[in-house]
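So you can see what is in the structure, the chains are spelled out below.
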Amino acid sequence: MNIIFFTYALIATAITFGLIVATLFAQRTARAEPPCNGYIKQIAMILSQQTNTNCRIRARSARNRIALAEAIHTVVSHTYGSDTEPLRDVVECNNLDRFLLRRIRLTRGAQRAHLLMLMSTLPLHRISMQQISRYSHSTDVDIRISTLILKLAANPTQAIHTIEGLEYALSPFDIARIMALLRRGVLHIAYEPLLTSNNRNLCMLGLAIVRTFGIEIAEKRLHHIIASEKRQAIVCEAIYTLASLGRPLHHMGIRQRMEDMSPNERHRLCRHLSVEGYSLHAVKNLFTKNESLYAETLINSYKRALAHNTTR
């Protein structure tokens, strides 16, 4: 009997000790987490004008300032056309711009790129381009593009000039990050001058704008690019843009430029057209027999997947 009582007592003690340890760990974890969620709620209320813009948000420690910058980035980067001007008091009261600039100088690599990205969503007017231009020539690709995004966000009226002056070719990921600024309403760029530009980066950006926003009236300009452009990368991008718009590709000029593509490029385009919903008949008019067989396999697989999903 004593053994049973001792066993139960031992189990109860172990359970109690485990609960105490779990509680202490949970409290420690809660303290270790930055108050980002609380800041997000406050920032959302400020942007929705549910509260005044007097600086009620105070981030007194370095950890809290980083959390505040993260919260601003989260809210601003997930909203469209939001006016960040009400956040100016929050930034200035907490010296977020000076704090981030100082941390950027002291960090390297991915952390520096991340801090630059956070700065790009802050309402900044007192920042000098000289303070960030030093990072524009970094050998680290992430730092370089994050610096570009920050420069575009801080001085949107000079966006065309800034992009035109780049000494490197923007990657698709770089252009996607610039497109995020357009969606947020930070940049206002007309696509027509970009499509007629001799600058590779500007032309690629123009094609991305047409493709992203589905600007079908640009079809004639796309055909002109395909017929006259000498740079194969831009020709391919224009063809992909036409395909994304769902336009026919059987024109002789397009078929001639497709013949200049490498086998891998044609293979990727064939897969893209299958995904975009082009019929097998349309694909057969553009590709060889072997390429068409590959497309037929893809198209049939999509049909099977669609039939499977609709019968569930």
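Residues numbered from 1 in each chain as written. Predicted model: local features only at pLDDT ≥ 70, side-chain atom pairs only at ≥ 80, totals over all residues. Heavy atoms only, no water.

Observations concerning the nonpolar core
Moving on, step 1. In terms of nonpolar packing, the biggest core is built from 52 residues, with Leu-170, Ile-178 and Leu-205 touching the most fellow members.
Moving on, step 2. Looking at this core, the element that brings in the most residues is helix H12 (residues 200–213), giving 8 residues.
Moving on, step 3. The contacts of Leu-205, once residues within four sequence positions are left out, are Ile-163, Ile-175, Ile-178, Met-179, Ile-189 and Leu-194.
Moving on, step 4. Counting residues in each nonpolar core, the second largest holds 33 residues, with Ile-72, Ile-104, Ile-132 and Ile-143 among its members. (Core = buried A, V, L, I, M, F, W, Y, C linked by side-chain atoms within 4.5 Å. Buried < 20%, exposed > 50% of the residue type's maximum accessible area, 1.4 Å probe, protein only. Helix = DSSP H or I, 4+ residues; strand = E, 2+ residues; numbered from the N terminus. Contact = heavy atoms within 4.5 Å.)

Considering the environment of Ala-243
Moving on, step 1. The topology assignment puts Ala-243 in helix H14 (residues 232–244).
Moving on, step 2. Counting along the chain gives 29 residues from Ala-243 to His-272, while the straight-line C-alpha distance between them is 8.2 Å.
Moving on, step 3. Setting aside chain neighbours within four positions, we find Ala-243 in contact with Leu-249, His-272, Leu-273, Glu-276 and Tyr-278.

A word on the pattern of salt bridges
Moving on, step 1. Summed over the entire model, instances satisfying the criterion amount to 6 salt bridges.
Moving on, step 2. For Glu-237, the salt bridge is made with Arg-211, and the minimal N-O distance between the two is 2.9 Å. Here Glu-237, found in helix H14, pairs with Arg-211, found in helix H12; they are 26 residues apart in sequence, far enough to count as distant.
Moving on, step 3. For Glu-291, the salt bridge is made with Arg-266, and the minimal N-O distance between the two is 2.8 Å. Of this pair, Glu-291 sits in helix H18 (residues 289–310) while Arg-266 sits in helix H16 (residues 263–275), placing them 25 residues apart in sequence.
Moving on, step 4. A relative accessible area of 16% means that Glu-291 is categorised as buried. (Salt bridge = Lys/Arg side-chain N within 4 Å of Asp/Glu carboxyl O.)

Concerning the environment of Asp-83
Moving on, step 1. Relative to the helices and strands, Asp-83 resides in the loop between helix H3 (62–77) and helix H4 (88–93).
Moving on, step 2. Taking relative accessible area as the criterion, Asp-83 reaches 52% and is therefore assigned exposed.
Moving on, step 3. Expressed as a C-alpha distance, the spacing of Asp-83 and Pro-123, which sit 40 residues apart in the sequence, is 9.3 Å.

Quick look at unusual backbone geometry
Moving on, step 1. Not every positive phi belongs to a glycine, and Asn-95 is a case in point at roughly 50°.
Moving on, step 2. Mapped onto the secondary structure, Asn-95 falls in the loop between H4 and helix H5 (96–106).
Moving on, step 3. We classify Asn-95 as partly exposed; its relative accessible area is 30%.

Re the packing of helix H13 (residues 219–228) against helix H15 (residues 252–259)
For any two helices packed against each other, one specifies the inter-axial angle together with the distance between the axes.
Moving on, step 1. In contact at an axis separation of 9 Å, H13 and H15 are set at 45° when each is read in the N-to-C sense. With respect to H15, the element H13 is oriented oblique. Crossing geometry of H13 relative to H15 is assigned as left-handed. Facing His-223, Ile-226, Ala-227 and Ser-228 of H13, the residues of H15 in contact are Gly-253, Ile-254 and Arg-257.
Moving on, step 2. The class makeup of the residues in the contact of H13 with H15 is 3 nonpolar, 3 polar and 1 charged. (Axes fitted to C-alpha atoms, helices over the stretch in contact; angles between N-to-C directions. Parallel < 35°, antiparallel > 145°, perpendicular 65-115°, else oblique. Left-handed = near helix turned anticlockwise from the far one by under 90°. Nonpolar A, V, L, I, M, F, W, Y, C, P; charged D, E, K, R; others polar.)

Some details on H12
Moving on, step 1. Spanning 14 residues, H12 covers 20 Å between terminal C-alpha atoms, matching the ideal 20 Å at 1.5 Å per step.
Moving on, step 2. Counted residue by residue, H12 has 10 buried out of 14 residues, so it is predominantly covered.
Moving on, step 3. Of all the positions in H12, only Asn-201, Leu-202, Cys-203, Met-204, Leu-205, Gly-206, Leu-207, Ala-208, Ile-209 and Val-210 are classed as buried.
Moving on, step 4. Those residues of H12 that are buried lie in contact with helix H9 (159–164), helix H10 (172–184), helix H11 (191–195), H13 and H14.
Moving on, step 5. Its side-chain oxygen 3.0 Å from the backbone nitrogen of Asn-201, Asn-199 forms the N-cap of H12. (Expected span 1.5 Å × (residues − 1). Polar contact = N/O pair within 3.5 Å; in protein donor to acceptor, adjacent residues only side chain to side chain.)

Some points on the side chain of Asn-199
Moving on, step 1. Relative to the helices and strands, Asn-199 resides in the loop between H11 and H12.
Moving on, step 2. Of the residues examined, Asn-199 reaches a relative accessible area of 18% and is grouped as buried.
Moving on, step 3. Within the structure, the side chain of Asn-199 is placed 3.0 Å from the backbone nitrogen of Leu-202, a separation counted as a polar contact.
Moving on, step 4. With sequence-adjacent residues up to four places away left out, Asn-199 is seen in contact with Ile-163, Glu-164 and Arg-231.

Side note on the packing of H3 against helix H6 (residues 109–119)
Moving on, step 1. It is the contact of H3 with H6, at a shortest axis distance of 9 Å, that shows an interaxial angle of 60°. In terms of axis orientation, H3 runs oblique to H6. Between H3 and H6 lies a crossing of left-handed hand. When H3 is examined against H6, the residues Ile-66, Ala-69, Glu-70 and His-73 are found in contact with a partner set consisting of His-114, Leu-115, Met-117 and Leu-118.
Moving on, step 2. For the contact of H3 with H6, the residue count by class is 5 nonpolar, 2 polar and 1 charged.

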